[in-house]
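Take a look at the letters that make up each chain.
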Amino acid sequence: MKRAIYPGSFDPLTFGHLDIIERSAKMVDELNVAVLRNNAKNPLFSVEERVSMIKELTAQMPNVTVSTFDGLTADYARQIQATIIVRGLRAVTDFEYELQIAQTNHVVNPQVDTIFLTTNLKYSYLSSTIVKEVASYGGDISKFVPEAVVQRVYDKFNISR
């Protein structure tokens, strides 16, 4: 069985994330979308809110599960017996950083390999940070995140739409 993990903060989940989830889920028997609990960051959404949104938006994908973790991705992959880590790449600069992480993960857990999926060109500029910045100024984020996420983001900024 091919089990993969797609780790990230997903704060919030964007169309780019969803694209990677949909594409990688077709390549493996089971895809675990693993939401990182990172106490060093000040997220817009709680871990529970992010998990809930991802579950809602992947409900029609029977081989996708959602979980939370903290610590090293390679250790969590070992814990859930995943042998593949999925990462999305938007630009060359992403590759340089992600390559270092992939190599480190393989040293920490030699049973895990990383696959890189290039982002669909229409989402190559997109990040959760951009979504939050545009939303904080009341800008239209409907082209960045699924409809089920739009109002939740605005609510966090006390913006009515």
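In this report, the structure presented in the accompanying data block is examined. (Residues numbered from 1 in each chain as written. Predicted model: local features only at pLDDT ≥ 70, side-chain atom pairs only at ≥ 80, totals over all residues. Heavy atoms only, no water.)

### Here we look at the pairing of strand β4 (residues 84-89)
Looking at chain direction, strand β1 (residues 3-8) and β4 are connected through 2 bridges and run parallel. Bridge pairing links isoleucine 5 to isoleucine 85 in β4. Relative to strand β5 (residues 113-118), β4 runs parallel, the two sharing 6 bridges. Within the sheet, the bridge partner assigned to valine 86 lies in β5 and is isoleucine 115. (Pairing = 2+ DSSP bridges. Helix = DSSP H or I, 4+ residues; strand = E, 2+ residues; numbered from the N terminus.)

### Comments concerning the pattern of salt bridges
Across all of its chains, the model carries 9 salt bridges by this definition. Salt-bridge contacts for arginine 3 lead to glutamate 30; the nearest nitrogen and oxygen are separated by 3.3 Å. Pair noted here: arginine 3 is in strand β1 and glutamate 30 is in strand β2 (residues 30-36), with a separation of 27 residues, a long-range link. Of the residues examined, arginine 3 reaches a relative accessible area of 16% and is grouped as buried. (Salt bridge = Lys/Arg side-chain N within 4 Å of Asp/Glu carboxyl O. Buried < 20%, exposed > 50% of the residue type's maximum accessible area, 1.4 Å probe, protein only.)

Note that every value here comes from positions in space, so none of it alone points to a role or purpose.
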